[in-house]
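Commentary on secondary and tertiary structure
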Amino acid sequence: MPKSQRVTVHALRSMKEAGKKIAMLTAYDYYTARLLDEAGVDVLLVGDTVGMAFAGHETTLGVRLQHIVYHAEIVSRAARRAMVVADMPFLTYQLTIETAVENAGRLIQDGKAHAVKLEGGRAMVPVIKRILRAGIPVMGHIGLTPQAVHRFGGFRVQGKDPESAMRLKEAAKALEEAGCFAIVLEAIPRRLAAEITEQLQIPTIGIGAGPDCDGQVLVTPDMLGLTGFTARYLKHYASLRDVIREAARRYVDEVKQGLFPGPEHCYE
Ligand code: KIV
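Description of the structure in this document. Keep in mind that what you see is a predicted model, and the values were worked out from it rather than measured. (Residues numbered from 1 in each chain as written. Predicted model: local features only at pLDDT ≥ 70, side-chain atom pairs only at ≥ 80, totals over all residues. Heavy atoms only, no water.)

So, on to the site of the ligand. Around the ligand, a shell composed of Thr-26, Leu-45, Gly-47, Asp-48, Thr-49, Asp-87, Lys-117, His-141, Val-184, Ile-207, Val-217 and Val-219 is seen. The side chain of Asp-48 places a nitrogen or oxygen atom 3.0 Å from an oxygen atom of the ligand. The contact in question runs from an oxygen atom of the ligand to an N or O atom on the side chain of Thr-49, over 2.5 Å. Here the ligand loses 98% of its free accessible area of 260 Å² to cover by the protein chains. Put simply, the ligand lies in the largest pocket. (Near = heavy atom within 4 Å. Polar contact = N/O pair within 3.5 Å; in protein donor to acceptor, adjacent residues only side chain to side chain. Areas by Shrake-Rupley, 256 points an atom, 1.4 Å probe, with all protein chains shown as cover. 1 Å grid on protein atoms, 1.4 Å probe; cavity = no way out; pocket = protein on both sides within 12 Å on 5 of 7 lines; lining within 4 Å. Sits in = over half its atoms within 2 Å of the grid points.)

Attention shifts here to the layout of surface pockets. Taken as a whole, the largest pocket holds about 1200 Å³ of empty space. Contributing to the lining of the largest pocket are 45 residues, with Glu-186, Ile-207, Gly-208, Leu-218 and Tyr-233 lying nearest its centre. Secondary-structure elements contributing two or more residues to the lining of the largest pocket are β1 (22–26), α3 (50–54), β6 (182–186), β7 (204–207), β8 (215–218) and α10 (220–223). Residues of the lining of the largest pocket, tallied by class, amount to 25 nonpolar, 10 polar and 10 charged. Here the second largest pocket defines a volume of roughly 590 Å³. (Points joined across faces, edges and corners; volume = space filled by probe spheres on them. Helix = DSSP H or I, 4+ residues; strand = E, 2+ residues; numbered from the N terminus. Nonpolar A, V, L, I, M, F, W, Y, C, P; charged D, E, K, R; others polar.)

Turning our attention to helix α11 (residues 240–256). End to end, α11 covers 24 Å across 17 residues, agreeing with the expected 24 Å (1.5 Å per residue, within 8%). Gly-258, located one to two residues past α11, shows a positive phi value of around 75 degrees. (Expected span 1.5 Å × (residues − 1).)

Interhelical geometry of helix α6 (residues 125–133) versus helix α8 (residues 162–178) gives an angle of 25 degrees and a closest axis separation of 9 Å. One finds that α6 runs roughly parallel with respect to α8. In the crossing of α6 with α8, the sense of the turn from one axis to the other is right-handed. Along its contact with α6, which presents Val-125, Ile-128, Lys-129 and Leu-132, the element α8 presents Ala-174, Leu-175 and Ala-178. Considering only residue class, the contact of α6 with α8 consists of six nonpolar, no polar and one charged. (Axes fitted to C-alpha atoms, helices over the stretch in contact; angles between N-to-C directions. Parallel < 35°, antiparallel > 145°, perpendicular 65-115°, else oblique. Left-handed = near helix turned anticlockwise from the far one by under 90°. Contact = heavy atoms within 4.5 Å.)

See below:
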């Protein structure tokens, strides 16, 4: 695919068919989104993890529609090639189908996203169908769905027993039949993710779901080593905490010693 061409739902499906892996990362701000886009990330997710990895909260539950609209508009302006997917926050799609369609529409109209993502299995099928009828592509999300963290009793791996594994397989199939263009599989055993990936025509994007998914997603501030978050599934590709702390220390030192600003930084 030429670099300048926008990644579409069809392109993602073709990537699965061709056995090409899909790289997705979260993005919340303009300059990071621009760099991720330039690096060849296929999908930028304006995730409700903005509440945790950007705003420092313990869960995603406090994130509101206007937060995602704000960040999605910024990321969409930065992304030249990547598809931009905006997360539907907690309670923006579970109350009524009408408000779900309206809220998904705001993410597209005001947030300028190309698609929306929502969490949940079979119960979400009617909502997904109506959002799709409005012309908005929907990405599903099953497994450890963080908006249900309190129901799960914490951020726990899902699908470990045969019954819940079966429920997740059925949920994946139901979401595909409802018309989702891709499904995020979060924190489930590798073997289960492989089986779901095998049974679906649409791509699966894993986070803590092993290497057999059609693509992978990570939370960018986590993978860049900015948040200090660690987990078995996570790999740190940089250590931005150290880089930023060291740069700030040098700045403080130079200001205190009167070394900054030097003559080269002064207007005559
Ligand atoms: O909100 C988010 O960033 C997500 C990813 C973890 C998949 O849903």
